[in-house]
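# Report on the structure
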Amino acid sequence: MTGRLMWLVAVILTLRPGGAPGGATIEGTWNFVPAMSTEIATWKGRLPEIVIAASGSRVSVIQNWLERGRVAYSDTSLFAPGGAPVGTVIRSVEWPDNWFMGVLSSPGSERTVSGSWQAPGNDLRVITVQPVVTSQGKTTVTTTREYVLGGDGNSLTLTEHRSSRPTPVVLVFERKEAKR
Amino acid sequence: MFRSSLVCLSATLLSAALIPVALAAPPAHHLSPQLAPAAPQAAPGIEGRWELVREKSTDIDLFETLAVDIRFDGPGLTLIRTWGAGRSFRDSLALPLGGAVAHVPVTSRVFPSNVFMGLMMPVGTVRDVRAWRPDANTLRLEESFQIRGSQGESPETQTGLFTLSGDGSTLTYEASRSTRTSGPPVKYLLKRAGSAEGFVIRLEDNWEVAGKLNVQAFMISLQGIVNRSGPRVYLLYPENWPFTYVQSVYDFYRDKRNYSFRELRSVEEAIATLRKYVKGYVVWDRNVRSSLTVAFTVAGLEDAVVVSEDMIPLMERAGLKPVEDFRGKFTGWNDTKIYTWAYEKYWARCSREYIIWLGGDSGPVMKPAVADWGIFKKCFFSDLSCRVTDTSEYALSKKLLSEMKPMSLVMGWHSYAKDLEREFVRLTSSFGHRVIGLHTLPNLSFSAQIPASPGFKFTNNHHLKPGEVPVPGKKVYVTCIQTDGMGLGAWLKPGRGEIPYAWEAETNYTWMAPAMAEYFYSMATPNDFMIGCLSGPGYLYPKAVPPKLLKQLIAISREQMKELDLNVFETMDYSEGATVEGNSDLPKEIVDMYFDGMPEAIGFVNGYAPSYTFAVNNGRPFMSYDYYLSPERPEADAVADLQELARINPHRPYFELLHIRESSDVKRVKGILDKLGPEFEVVPLDVFLAMAGKDPTFKERYLVRPQKESR
């Protein structure tokens, strides 16, 4: 599954229009900057990586969790900005948003994803409605993720608002290419 | 669970009070190797030689110390009080018992208890002394004499009361004088001569193979050998040692159990002092780290200290001869070959009830504190991998474990460089063995021989009367359990006692280190609540244990819990992987084994990180952790996590069970809990479980295995 998605991303990246120098977009691969982010309840040193790609009317946001550089868990959201929510069947029991809370995903249930450009090419809002399982049973969590491109085009700020959480989670990333 | 990133307990034995403890055959209900207290024996009487415990006695100015010798001869008493050691004054009295007056000539002017006061005994005068023995444990003395001060002689009356302690280990000597009517009472505490005497050695914080590991390894091997003859050598590990109690327990033995320690300050002094216990030395090869692991096996079998090449001349000067020399022996060998060689040569003579996994820190560092116990028990040592894909080491690990008696104790820890904790415990569990960690576990050969104080009763801090079931409100109830046992972590750190907190007790301490258990119990505040762990009498994964053995292991835990007054038990199972990417849940048949096997338990807790097995049996809940507080989690984020869990679990009461990594002290945890808001209430674990059992708002959930298709 992960391989197919990676292939899809590779195709999308190949087909996307090239940006002019200074005209960077949110698309690309983004590496996590822990020092500038909310502390994430990480597991075995897993760190997130985000891959964003746009192709035609569709956008894909892939969040990989890397363990020693290897993708240990991958979560893909594929939607048409401004379009209807897209439903997908949950396959994994893992709920990566916080490894140390007693919350599981609910395999076999449907998750919906929708999104919209807040600033075309730069700022993106993604809303996920996901059934989860806790000690008291099944419930639903709605997560709004705001991806905002930094002024230099090389930083990305992800602000997560979960319907269940009193405070947002702010994660900062830098463009993978920027490190080279 | 001890996590790999962590750095996550013979002969006749003498107690501190000289109460004999015998290495007995295991009680039938334990079905495992045990050090069991011998049947109670009559306490020895007041007769004998007694030595002062200075720390607990009135100061004796010039002479500093006091020895008392009491002997009865028919109707007569001989009482000898010797003040001082090198420079001393001996007062020997032969007296009739029953109060008849004995006239004792004064032959010395020394007034021994207070030489620095201007008082003297007038030589040539007579002391009138009378003695009684009101009962077998008491001796009373009354003396009338003249005392001379600067203004001349005056009459003086002195009373001495000698009282034997209930266990016969100490003697209290209370002295009162007619002329001394103010100040604290003059009281001397004495212990039996020659009892509770040991040696202490401070270890440097240098564990490098190429550094001073050779010195530390030598001291640890010496400790294991010498302590076979009794609890004699205690090692003081550095302040940063993972088991944080080393100094505190030392203080406990000294201050509460009246131990006297003489410090040995060097290898030279140690071997010179303790030479008589040692039969030889084994040389390990600094160039082959595993040679030291094998050398520890040899040390136990041959009563040989382990030394590096540069220490040989010192051993020769002490008159010791080599029993093995591994210099160059294993060069170019891998661990499978080394340990196979050791197996073929030594295994037949090694214990089949205890085995040492001397893993943990790897590469250039080794921290082999548990080796004293391995030597003490003549164990086989290795650090073999338990990872299936390490085929040759895994095969040898299996071979060793398969040849141990069922339910043996695997002491030490897995190698951080070779495998994971879960791979190690899964394999040991598959033979029904139980792990007691870590490789850094200190001084067990000493502590194993110190029984709890006579009459000491292990009493847990229960917050409910038997049968009491509090009624929960529409609130969020929070309770905290520290990970990884009492010896690691927050016990001695700030905040303990300020909030209700539960601690994972090592139940094997009932027989393995009873005084250690007393140490913890006697320090506990009303907020400190002990629970049994971990899945059995020792660390094991129940899904991996053969069911027949699991039932027996649970029965052993049940007995140990009774001894320690525990009524909550904790399970954990990573045999199918950790919480996140594996499955730490338990199937109903295993949960029911605990319910059935521990009928006195009021509840069970499960997991390390969050887990998802929940059940209730006749008002007794089996609950998994809903939250793991990592030490790195900032307080504000942890507060949000706990509030989020309360929001995502909307029913009230909500029971939020927290597992706190041991590296978080209680003060930090309190800081988090104080910010949760009015809906939250922190309660003791037993109260928490009783309420959860009464009103279980969690959903019953077990590990359900896919049904196999029938063909």
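Please read all numbers here as calculations on a predicted model, not as lab measurements.

Scanning chain B from terminus to terminus reveals 17 helices and 32 strands. In terms of overall size, chain B behaves like a compact globule, its C-alpha atoms giving a radius of gyration of 30 Å where 711 residues would be expected to give roughly 27 Å. Expressed as lengths along the three principal axes of its C-alpha atoms, the size of chain B is roughly 110 × 70 × 45 Å. Across the 711 residues of chain B, 50% fall into the buried class.

A tally of helices and strands in chain A yields one helix and eleven strands. In sequence order, chain A lays out its α and β elements as α-β-β-β-β-β-β-β-β-β-β-β. Counting all 180 residues of chain A, 34% fall into the buried class. A separation threshold of at least 6 residues defines the contact pool for chain A, and within that pool the share at least 24 residues apart is 44%.

What follows is about helix α6 (residues 335-346) of chain B. Residues and elements named next belong to chain B. The terminal C-alpha atoms of α6 lie 16 Å apart, and with twelve residues this matches the ideal 16 Å at 1.5 Å per residue to within 8%. Taken residue by residue, α6 has Asp-335, Ile-338, Tyr-339 and Ala-342 as its buried positions. Here the buried residues of α6 occupy an arc of 85° about the axis, which is enough to place them on one side. The inward-facing, buried residues of α6 contact α4 (290-302), β18 (381-382) and α8 (391-402).

All names here are of chain B. Reading across from one edge, β12-β11-β13 is the order of the three strands in this open sheet, with parallel pairing throughout. Bordering the open sheet on either side are β12 (233-236) and β13 (260-263), each of which pairs with just one other strand. With strand direction ignored, the average angle separating the axes of adjacent strands in the sheet is 35°. Seen against the sheet, helix α2 (residues 246-255) touches β11 (197-202), β12 and β13 and runs at an angle of roughly 145° to β12.

Turning next to the interface of chain A and chain B. Contacts between chain A and chain B engage 23 residues on the former and 27 residues on the latter. Of the residues forming the side of chain A that touches chain B, the biggest block, three residues, is contributed by strand β9 (residues 137-149) of chain A. Among the residues forming the side of chain A that touches chain B, the class breakdown is nine nonpolar, ten polar and four charged.

Turning our eyes to something else, we now look at the domain arrangement of chain B. All names here are of chain B. The assigned domain composition of chain B is domain 1 (48-192), domain 2 (197-447) and domain 3 (476-694). The C-alpha-based centres of domain 2 and domain 3 are spaced at 31 Å. Taken together, the contact pairs 23 residues of domain 2 with 25 residues of domain 3. For the side of domain 2 that touches domain 3, the secondary-structure elements that each account for two or more residues are α2, α9 (421-430), β20 (434-436) and α10 (444-447). Looking at which element gives the most residues to the side of domain 2 that touches domain 3, the answer is α9, with five residues. Across the side of domain 2 that touches domain 3, the residue classes tally to twelve nonpolar, seven polar and four charged.

Residues and elements named next belong to chain B. Counting residues in hydrophobic clusters, the biggest one holds 195 residues, and the most contacted among them are Ala-295, Ala-299, Val-305, Val-306 and Ile-531. Top contributing element to this core by residue count: helix α1 (residues 213-226), with eight residues. Three or more residues apiece are contributed to this core by two domains, here domain 2 (197-447) and domain 3 (476-694). Ignoring sequence-local partners within four residues, the contact set of Ala-295 consists of Val-282, Trp-284, Val-306 and Phe-326.

For helix α17 (residues 685-694) of chain B, the tally of buried residues reaches nine of ten residues, placing the bulk of the element in the interior. Here α17(B) has its buried residues at Leu685(B), Asp686(B), Val687(B), Phe688(B), Leu689(B), Ala690(B), Met691(B), Ala692(B) and Gly693(B).

For the rest of this paragraph, the subject is unusual backbone geometry. Residues and elements named next belong to chain B. In this model, Cys-533 is joined to Leu-534 through a cis peptide bond whose omega is 0°. Relative to the helices and strands, Leu-534 is located in the loop between β23 (528-533) and β24 (535-536). Following Arg-652, the chain continues to Pro-653 via a peptide bond in cis, the omega torsion being 5°. As for its position among the elements, Pro-653 is in the loop between α15 (635-648) and β31 (654-660). One non-glycine residue, Asp-565, lies in the positive phi region at around 60°. Assignment of secondary structure puts Asp-565 in the loop between α13 (547-563) and β26 (568-571). Residue classification places Asp-565 among the partly exposed positions, given that 15 C-beta atoms sit within 10 Å.

Residue and element names in this part refer to chain B. The N-to-C vectors of α13 and helix α14 (residues 588-597) enclose an angle of 40°; their axes lie 10 Å apart at closest approach. Our classification of the angle between α13 and α14 gives oblique. Between α13 and α14 the crossing geometry is right-handed. Listed contacts from α14 to Leu-550, Lys-551, Ile-554, Ala-555 and Arg-558 of α13 are Met-593, Tyr-594 and Gly-597. The class makeup of the residues in the contact of α13 with α14 is five nonpolar, one polar and two charged.

The next point concerns the pairing of strand β7 (residues 110-119) of chain A. Residue and element names in this part refer to chain A. Note: strand β5 (residues 86-89) against β7, four bridges, orientation antiparallel. Paired with Val-89 across the bridge in β7 is Glu-110. The hairpin formed by β7 and strand β8 (residues 123-134) contains three residues between the paired strands, and Gly-121 there has a positive phi angle of roughly 80°.

Residues and elements named next belong to chain B. Strand order in the open sheet formed by three strands is β15-β14-β16, with parallel pairing between adjacent strands. On the outer flanks of this sheet lie β15 (304-307) and β16 (322-325), each paired with one strand and no other. Ignoring strand direction, the axes of neighbouring strands in this sheet form an average angle of 20°. Bridge count between strand β14 (residues 280-283) and β15: four bridges; the pairing is parallel. Its bridge partner being in β15, Val-283 is matched across the sheet by Val-307. Where α4 meets the sheet, it contacts β14, β15 and β16, and its direction lies at approximately 160° from that of β15.

Residue and element names in this part refer to chain B. Pairing of strand β3 (residues 76-83) with strand β4 (residues 89-96) involves eight bridges; the strand directions are antiparallel. Its bridge partner being in β4, Gly-76 is matched across the sheet by Pro-96. Between β3 and β4, which follow one another and run antiparallel, lie five residues, and Gly-84 among them has a positive phi close to 90°.

Mean pLDDT over chain A: 86, with 85% of residues reaching 70 or higher. Between the elements of chain A, mean pLDDT differs from a low of 40, seen in helix α1 (residues 2-15) of chain A, to a high of 98, seen in strand β10 (residues 155-162) of chain A.

About the thresholds
Residues numbered from 1 in each chain as written. Chains lettered and ligands numbered in written order. Predicted model: local features only at pLDDT ≥ 70, side-chain atom pairs only at ≥ 80, totals over all residues. Helix = DSSP H or I, 4+ residues; strand = E, 2+ residues; numbered from the N terminus. Rg over C-alpha atoms; globule rule 2.2 N^0.38 Å. Buried ≥ 20, exposed ≤ 12 C-beta atoms within 10 Å, placed from the backbone. Contact = placed C-beta atoms within 7 Å. Expected span 1.5 Å × (residues − 1). Arc of directions from axis to C-beta. Pairing = 2+ DSSP bridges. Axes fitted to C-alpha atoms, helices over the stretch in contact; angles between N-to-C directions. Nonpolar A, V, L, I, M, F, W, Y, C, P; charged D, E, K, R; others polar. Domains from an automatic or database assignment. Core = buried A, V, L, I, M, F, W, Y, C linked by C-beta atoms within 7 Å. Parallel < 35°, antiparallel > 145°, perpendicular 65-115°, else oblique. Left-handed = near helix turned anticlockwise from the far one by under 90°. pLDDT = per-residue confidence, 0-100.

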